[in-house]
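Here's the letter readout for the chains.
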Amino acid sequence: MGRLKHDEIIGLSPLSTIKSHMGAKYTLHWPSLDEYCTKVKRQASIMYPKDATSAVHLLDLFPGAHVLEAGTGNGSMTLYIQRAIQAPGSHLDTVDIRNEHSQQAEKNIERFWRGMYRPGITFWRSVGGLQKVIRHLKGETDDALRTANPHSPSSSGTPVTSGVKGDSEIMCDKDGRPLTPLEIKRQKFMETKEVLPPNPHPKGHQYDAISLDLPDCKSVLFDLLPLLKPDRPMCLYMVNMSQILELVQWMRQNCDDYTVERILEVDWKEWNVRSAAVRSKVRGRVHVGGLGKVLPLQQAKKDDNEEHQETKEALATTAADNIPDDAVGWICRPLHMPVGHTGFLVQLRKNSTNTELESTPSTFSS
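Residues numbered from 1 in each chain as written. Predicted model: local features only at pLDDT ≥ 70, side-chain atom pairs only at ≥ 80, totals over all residues. Heavy atoms only, no water.

## Describing the confidence of the model for the protein
Defined as follows: One confidence number per residue, pLDDT, is output by the predictor and ranges from 0 to 100. Contacts are residue-level and defined by heavy atoms, with any inter-residue pair within 4.5 Å sufficient.
Looking at the protein as a whole, the pLDDT averages 77, with 71% of positions reaching at least 70. For the stretch residues 164-168, pLDDT sits under 50, and the model shows two contacts to residues farther than four places along the chain or on other chains. For the stretch residues 297-320, pLDDT sits under 50, and the model shows 31 contacts to residues farther than four places along the chain or on other chains.

## Brief notes about the pairing of strand E15 (residues 344-350)
Convention followed: Residue burial is assigned from relative accessible area. The probe radius is 1.4 Å, only protein chains are included, and a residue is buried under 20% of its type maximum, exposed over 50%, and partly exposed in between. Here a helix means four or more residues in a row that DSSP labels H or I, a strand means two or more in a row labelled E, and each is numbered from the N terminus. When DSSP locates at least two bridges between a pair of strands, those strands are taken to pair.
Counting buried residues along E15, seven of its seven residues qualify, which places the element largely inside the surrounding structure. Residue alternation in E15 divides its side chains into two sets, Phe344, Val346, Leu348 and Lys350 and Leu345, Gln347 and Arg349, and both sets are buried. The sheet contact formed by strand E9 (residues 233-238) and E15 spans six bridges and is antiparallel. Note that in E15 the partner of Tyr237 across the bridge is Leu345. In terms of strand pairing, strand E10 (residues 258-264) meets E15 through six bridges, oriented antiparallel. The partner of Leu264 across the bridge, within E15, is Leu345.

## Looking at the side chain of Gln131
Applicable threshold: Within 3.5 Å is the distance limit for a polar contact, defined as a pair of N or O atoms, with the added protein rule that one can donate a hydrogen and the other accept it, and that residues adjacent in sequence qualify only through two side-chain atoms.
Its location among the elements puts Gln131 in helix H6 (residues 129-138). A distance of 3.2 Å separates the side chain of Gln131 from the backbone oxygen of Ser219, its partner in a polar contact.

## What to know about the pairing of strand E4 (residues 91-96)
This is how it is decided: Viewed with both strands pointing away, a crossover whose connecting path from the first strand over the helix to the second turns clockwise is right-handed.
Burial within E4 is extensive, with six of its six residues counted as buried. Burial of the side chains of E4 extends over both faces: His91, Asp93 and Val95 are buried on one face and Leu92, Thr94 and Asp96 on the other. Inspection of the sheet shows strand E3 (residues 66-70) paired to E4 by five bridges, in the parallel sense. Within E4, the position partnered with His66 by the bridge is His91. Of the crossover connections in this fold, the one passing from E3 over helix H4 (residues 76-85) to the parallel E4 is right-handed. Here five bridges tie E4 to strand E5 (residues 121-125), and the two strands are oriented parallel to one another. Within E5, the residue paired with Asp93 across the bridge is Thr122. In the classification by handedness, the crossover that spans E4, the intervening helix H5 (residues 99-111) and the parallel E5 is right-handed.

## Considerations on the packing of aromatic side chains
Basically, it comes down to this: Stacked, tilted and edge-to-face are the three classes assigned to paired rings of Phe, Tyr and Trp, where Trp is represented by its six-membered ring and a pair needs centres within 6.5 Å; plane angles under 30 degrees give stacked, over 60 edge-to-face, the rest tilted.
Going through the model one piece at a time under the given rule, you end up with four aromatic pairs. Ring geometry for Tyr36 and Phe112: centres 4.8 Å apart, planes at 45 degrees, overall tilted. Of this pair, Tyr36 sits in helix H2 (residues 33-39) while Phe112 sits in the loop between H5 and E5; the two residues are 76 residues apart in sequence, bridging distant segments of the chain. As far as the burial class goes, Tyr36 and Phe112 line up, both buried. With 5.8 Å between their ring centres and 80 degrees between their planes, Phe222 and Trp250 make a pair best called edge-to-face. In this pair, Phe222 is assigned in helix H9 (residues 221-224) and Trp250 in helix H10 (residues 241-254), connecting sequence segments 28 residues apart. What makes Trp250 buried here is its relative accessible area of 11%. An aromatic cluster of at least three residues, connected via ring pairs, comprises Tyr36, Phe112 and Tyr117.

## With respect to the side chain of Lys350
Within the secondary structure, Lys350 sits in strand E15. Here Lys350 is in contact with Gln206, Leu225, Leu228, Lys229, Pro230, Asp231, Arg232, Asp257 and Tyr258, once residues within four sequence places are set aside.

## Notes on the environment of Met22
Residue position: Met22 is located in the loop between strand E1 (17-19) and strand E2 (25-27). On the basis of relative accessible area, Met22 is assigned to the partly exposed category, the value being 23%.

## Quick notes on the environment of Trp30
Counting through the fold element by element, Trp30 comes out in the loop between E2 and H2. Among all residues touching Trp30, those that are not within four sequence positions of it are Pro14, Glu35, Trp113 and Arg114.

## Side note on a nonpolar patch on the surface
To be explicit about the condition: The patches described consist of residues with a relative accessible area above 30% and no salt bridge, like charges being joined within 9 Å and nonpolar side chains (Val, Leu, Ile, Met, Phe, Trp, Tyr) within 5 Å. Only the protein chains shown count as covering a residue, and every accessible area follows the Shrake-Rupley method with a 1.4 Å probe. The salt bridge definition used is simple: a Lys or Arg side-chain nitrogen within 4 Å of an Asp or Glu carboxyl oxygen.
On the surface, a cluster of nonpolar side chains totalling about 280 Å² of accessible area is made up of Met241, Val248, Val260 and Ile263. Contributions of two or more residues to the nonpolar patch are made by H10 and E10. Positionally, Val260 belongs in strand E10. A residue is classified by how much of its surface remains accessible, and Val260, at 31% relative accessible area, is partly exposed.

## Quick notes on the nonpolar core
Quick reminder of the rule: To form a nonpolar core, buried Ala, Val, Leu, Ile, Met, Phe, Trp, Tyr and Cys residues must be joined to one another through side-chain atoms within 4.5 Å.
Counting 32 residues, the largest nonpolar core has Leu130, Leu212, Leu221, Leu224, Met234, Leu236 and Tyr258 as its most contacted members. Listing elements by their share of this core, those giving two or more residues are E3, H6, strand E8 (209-212), H9, E9, H10 and E15. Leave out the neighbours within four places in its chain, and Leu130 touches Leu68, Ala70, Val95, Leu212, Leu214, Val220 and Leu224.

## Quick word on H5
Heads up, the condition is: To estimate how far a helix should extend, the number of its residues minus one is multiplied by 1.5 Å.
Here H5 is 13 residues long and its end C-alpha atoms lie 19 Å apart, about the 18 Å a rise of 1.5 Å per residue gives. Here H5 has its buried residues at His101, Ser102, Gln104, Ala105, Glu106, Asn108 and Ile109. Buried-residue contacts for H5 involve H2, H4, E4 and E5. Where H5 ends, the next residue or the one after it, Trp113, has phi of about 50 degrees, a positive value.

Laid out in structure tokens, this is it:
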């Protein structure tokens, strides 16, 4: 219904009204978190609102919690987590292997509501990924974590052999699989002693919840075990059921420290509820045109080729404005818009023989 100029919008307050060049009225609003996360500039795929809100529920978050997130992406899930936990003493550590993704995510968070949710977030950017950050948070050397959990799939990704084929060097993992050029580049970069920021937590610090959005979540489950408080949840975002099946099968044979509690695929169905004119009751009183436009009868009789055609179109209103009350009908139906699959949410809970929970808040449920 016309064009809007940004220069006319900048500086106005929420709920201000602005007109397009055709006279259509629009009301200004602050963007909601859902709108911001789906429209903001991004370097990576986002976690959509239906999945992010459900993940916050599965993580059982509360104000003041400490959370670890792996897979920052564009910062959408980071914002949802921070909004749920932000309070004095809360902290969110978010890790991403790609520096440009993490930097864009930090900018996105700083620009939402003038940076209200930025305090209390530490962005970890490491080409070594989550395992590198875990070792740093625990104060361990690069080799300590791998030797502590020999059954962890992550141990098989360590280059232990090398050879020469022609003029190029070949590096292999523990199982003899040749590493890709990207994996070799990452390994050499890690060997240069990548410098990470100081650890903001005391020794032995544990998290109230952990969120993972990684290509291979099972490779870090053993590594994360000491960082998660007993009887607390972990939420994994996985793309397809094959990944989930592989995870569950691997956990049955190698890892009984977690319980799979729930596996969800979230779907939202949007409905359309609107008024409509009953033609038999409005005949001779108003004119009902296409696309639900309702015009006073005398205006509808004007010549369609008149000079002020655009003005006439702009004055057209929705059905609820001009239809007499005794001629209003209502349409209630779901929108027939295809909603594609986005992913699955897997809720794990840490099993532990410890009888005491460290720093247990009074908001915990029994």
